[in-house]
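Each chain, written out:
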Amino acid sequence: MKGTSPAKELERFLNYVEACTQEYRLAYDAVNEEDKRLQDLVHEMEFARDKAERNRIATRLHNSRVTRRQNKDIVKRDEGLVKFFEDQILEINDQERQL
């Protein structure tokens, strides 16, 4: 290999996997938060005093849904890689217990 050793390439790859895992977890938590926010916004909409207040709440609802979709896309993109490595870690742990 020119310029980089296999150990450096492996380290770079493992750093990428860790970054994907962290990004996945943050996005997953953000999706759950936006799901909870949905209920709060629906309640606010229900008790809004007038059209102007409903419009402000509807704008917040729209922004919440956009944020949720962005985070859900991240979860979907990273999920395969994260689940694969979680499964591999579980397999290694099982093999260690059998020794």
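Residues numbered from 1 in each chain as written. Predicted model: local features only at pLDDT ≥ 70, side-chain atom pairs only at ≥ 80, totals over all residues. Heavy atoms only, no water.

## Quick notes on helix α1 (residues 6–46)
Link 1 in the chain: A rise of 1.5 Å per residue sets the reference length of α1, with its 41 residues, at 60 Å; its end C-alpha atoms lie 60 Å apart and thus fit the reference within 8%.
Link 2 in the chain: All buried positions along α1 are accounted for by V17, C20, T21, Y24, A27, V31, E34 and L41. (Helix = DSSP H or I, 4+ residues; strand = E, 2+ residues; numbered from the N terminus. Expected span 1.5 Å × (residues − 1). Buried < 20%, exposed > 50% of the residue type's maximum accessible area, 1.4 Å probe, protein only.)

## Side note on the packing of aromatic side chains
Any two aromatic rings considered together are summarised by their centre-to-centre distance and by the angle between their planes.
Link 1 in the chain: Taken as a whole and assessed by the stated rule, the structure comprises three aromatic pairs.
Link 2 in the chain: On the numbers, 6.0 Å between centres and 55° between planes, the contact of F13 with F85 is tilted. Residue F13 is found in helix α1, and its partner F85 is found in helix α2 (residues 51–98); the two are separated by 72 residues along the sequence.
Link 3 in the chain: Its relative accessible area of 39% is what places F13 among the partly exposed residues.
Link 4 in the chain: Assessed through its relative accessible area of 22%, F85 is described here as partly exposed. (Phe/Tyr/Trp six-rings, centres within 6.5 Å; stacked < 30°, edge-to-face > 60°.)

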